[in-house]
Every structure is written in structure tokens, then in C-alpha cells.
Amino acid sequence: MDQSIFRKRIRAVQNLLKEGEVFLLFAANLKIRNRDVEYKFRQDSDYYYLTGIEEEDGVLALRRNHSAHFALPKDKEREIWTGIRLGKEEIGRRLELDDSFDLSDWDSRIGEILTNQFTLYHFFGKDRERDTKLLDLVSTLNLRLREGKFGPQRWEIPNFLHEMRMIKSPEEIEKLKEASEITAAGHKRLMRETKPLMFEFELEAILESEYLKLGAWGGGYGHIVAAGKNATILHYTSNRARIGETDAILVDSGAEKDYYTADVTRVFPAGKKFTSEQKTIYELVLLAQKEAIANTKSGVEFNSVHEKTVRTLTSGLKDLGFLKGELSGLIERGEFKRFYMHRTGHYLGMDVHDVGRYFENGKSKPMQNGLVVTVEPGLYFDPSDESIPERFRGIGVRIEDDVLVNGEAPVVLTSGIPKEIGEIEALKS
């Protein structure tokens, strides 16, 4: 993104701060995978959102009328091994900061930053050791009250930053569209190339290679490739099983590009056609999903989409004979949870389960233009449940798209991925 976007975001946060308030934001650290091997580095979403910096261990410190950053110092020897660092001068220039320091100056300057600031905004709970150091420092500062100096008296999570991130700018929507297009290429290739007797991990490899080939980071979360009864495990990620001749395959996977991720689920047959039982369940889930997408409108309470989806699925399960009794009673008692045990959607953006509050003052928040959400109803038939007719046991169907709230006309960002039964089977023929 253009550097001016990050500068504007920093100024927006500063404008939200009052006199006597300070905001601290820490970059992600490198994480050890095993022994001395590190995981692939991915920047903290909040930190990237404000700075656009992809280096580890930095700190952004903001007050209403002052901005400062602490960065890894330029170091020729280290840069030979791990890559060129931006350095404090370049970061200060890019972000037009008042001060830019080496990270080695942090310990000597943090006291000054916090002195006589009444409120500290910081994402507590991400790093216990860091939180403890900040608490200890504030306690030390408060021993200097007789000198007219003190540390923050109030500590708060900066939820205002997450409220900013909830509503996507035009630039962010374009990034999500890019991620969706790459995701579409991966899913369509998978539908075309999958054959019975392949292994789930072969499908995972196809997805990841397609995402990387098209310039994505890879998957924005662990790929779920679940054949047959594995599709009834909601977060199945082992992806080791062989695909059976008549299996339906549930694939939950989205590409991440430039820190924005898609989140899509599709179900398709291993062979050329769905079985009649798979088709029956698929059609019910697809009906519920289409209704839910139509309800994803500005001003509609987010939770109401889930409530209507529950009603549609419960009614369908009753009509098919899986549930018996009055519809209202079945919903009130939660009978549907045997088959549908998760929510209908969540916020989407830089994080697959993106930030922002779903409820305010105990009431579900209405959706606003610029919000991006997933819509993902599903039905899952326990393979060990003998009360279910045997031919339906082990079927799992979830259909998920990414939807931009746009007044009365929701925009399905992932509409390029086939989900009609005829479209899917045509790709398989």
C-alpha cells in the first residue's frame, strides 16, 4: 500500500488520544519452531496496519502531539544473514515521525514516554513478560509522586484500533478481492484435478502451490482438506487420509495476500457426481447460505443472520426426518446443534477471525457498509450416530463465502468459486 495510508492511520490514532494518554504497539517477535529453526515470520496485524513495516521487534509509541518508533539498528553483519533492515532513519522518514530510535534505546526512554501520562493503551495479554516489565516500570514511576511525577493510573486495551480495522477502506477491499481471486484459482484447480484414491495432503499441496505461484503468502490459516467422514470434524487439519471413491471432500482454505486473507469452504465429489444423499444435504445448506447472504445488509444485526440460518436448517432437518417436533421447540432446545454446532459467520480482514466487537451493551451490533464477513452454514452427520440412517452418516457439508456489506446489495467477493451442484459437477466431468 502507499505509505501515505499508514501515515494517515497513525494520525487518526493520535487524534483519538487525549492529553495524558499514551499508546504503545509492539511488532511481532521471531518464534522458534524447533531447536534453532524459526517459523516463517508474519508481522503482527495491528502493527502492520499502522506502520506497514515487516521487520520484527519494533515499537510504536504515540501521544496526541508526539510520535516515536524504535527499530532494529542497521547492522551489516546481521544483515548478511537475515536481510537488509530499514533502520531508524528510513522508518522515521516513511512514517513522518517526530522521533525515530534504535531498539537499543527503548529501555532508557520508555520511562520518559510513560512519565506523567494518566492512561496507557496497550494490547495486554499478548506477551506476559512484556506486560510484567511495563507493570514494574509503572510501579517504579509511581514511587516518584513526591517529585510530581507518576506513571499511568489507567490501563486500557486500545479497542478503538480494532474498530478502525473493522470497516475496510477501498484499498483494503481491493486487497481482499486479490486474495479472493487467488483463492478461486486454487479451489477450481482442486475441483478439476482431484481423483479418488489421492491423499488429502496431495490436495493441500495443490492449494498451497497455486497460492504461492500467484503471489500469495500461502494460506491465511491451516488448510482443511477433509474427505468423507473427516468432513464432520470442524477443524480437521491432519490431511493424511486417502480419498474414497464416493467421498465428498470439504475444503476450507483461503489465500493471504499482502496481509489480507480470504476464507472459503467448498464441498465437491471425489468422482464425477455427488451421491443422492450428499446432494440432499448440500442443497439444504446452499439454500440456507443464499438466504444468509441476502440478509447480510447494512443496518441488520449481525446475530440475526445466524438466527435465521438456524431456523432454515432446523426446518430442513425436520422436513427430512432428522428432527421431530415443533420447529420453535426444536430451536429453543438447541436440537439442531447435533448437526449444526458453529456460528454462521465472523468478521474477515487481516486476520481470518478479524477484530472488532460483535455485541455492544449486550446487543448484537448492526452491520455497516465496508464490513467484510464470512457466511458459512453447515451440516455434519456424526459417523458413529446410529440414530441417523446409515447412508447419511459421515456426510459433512459447509459452504462459505466472503461478503462485503454494501447497503441493500451484499457483494460476494468469492463469487468466482463454483458452488452450484451443476457447476461443480461440470468441472469434474
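Residues numbered from 1 in each chain as written. Predicted model: local features only at pLDDT ≥ 70, side-chain atom pairs only at ≥ 80, totals over all residues. Heavy atoms only, no water.

Q: Quick question: what am I supposed to make of the sheet that holds strand β5 (residues 66–71) here?
A: Note: strands within a sheet are paired through backbone hydrogen bonds, in either parallel or antiparallel orientation. Spatially, six strands are ordered β6-β5-β4-β1-β7-β8 in an open sheet, and the strand pairing comes out mixed. Looking along the sheet, the strands with just one partner apiece sit at the ends: β6 (99–102) and β8 (154–156). In this sheet, neighbouring strand axes are inclined to one another by 20 degrees on average, regardless of whether the strands run parallel or antiparallel. Note: strand β7 (residues 119–121) against β8, three bridges, orientation parallel. In the sheet register, Thr119 faces β8, and the bridge partner there is Arg154. Set on the sheet, helix α4 (residues 87–95) makes contact with β5 and β6; between it and β6 the angle comes to about 155 degrees. Where helix α5 (residues 106–114) meets the sheet, its contacts fall on β1 (21–26), β4 (59–63), β5, β6 and β7, and the angle it forms with β1 comes to roughly 150 degrees. (Pairing = 2+ DSSP bridges. Helix = DSSP H or I, 4+ residues; strand = E, 2+ residues; numbered from the N terminus. Axes fitted to C-alpha atoms, helices over the stretch in contact; angles between N-to-C directions. Contact = heavy atoms within 4.5 Å.)

Q: How do you make sense of the sheet that holds strand β9 (residues 218–219) when you look at a structure like this?
A: A sheet is described by the order of its strands in space; here three strands give the open sequence β9-β12-β13, paired in antiparallel fashion. Each of the sheet's edge strands pairs with one partner strand only, and the pair in question is β9 and β13 (260–261). Summarising the sheet, β9 and strand β12 (residues 255–257) pair through two bridges and their orientation is antiparallel. Note on β12: the bridge partner recorded for Gly219 is Ala255.

Q: Quick question: what am I supposed to make of the domain arrangement of the protein chain here?
A: Interfaces are often described in size by the accessible area the parts lose on coming together. Domain assignment breaks the protein chain into domain 1 (3–164) and domain 2 (167–428). With centres defined by C-alpha atoms, the gap from domain 1 to domain 2 works out at 37 Å. Contacts between domain 1 and domain 2 engage 13 residues on the former and 14 residues on the latter. Of the roughly 1300 Å² buried at the junction of domain 1 and domain 2 (both faces included), carbon and sulfur atoms supply 51%. In this assembly, domain 1 and domain 2 are joined by four salt bridges. Lys365 serves as the salt-bridge partner of Glu163, at 2.9 Å between the closest nitrogen and oxygen. Linking domain 1 with domain 2 are seven residue pairs in polar contact (both at pLDDT 80 or more). Here the residues of the side of domain 1 that touches domain 2 are counted per class, giving five nonpolar, three polar and five charged. (Domains from an automatic or database assignment. Buried area = accessible area lost by both parts, 1.4 Å probe. Salt bridge = Lys/Arg side-chain N within 4 Å of Asp/Glu carboxyl O. Polar contact = N/O pair within 3.5 Å; in protein donor to acceptor, adjacent residues only side chain to side chain. Nonpolar A, V, L, I, M, F, W, Y, C, P; charged D, E, K, R; others polar.)

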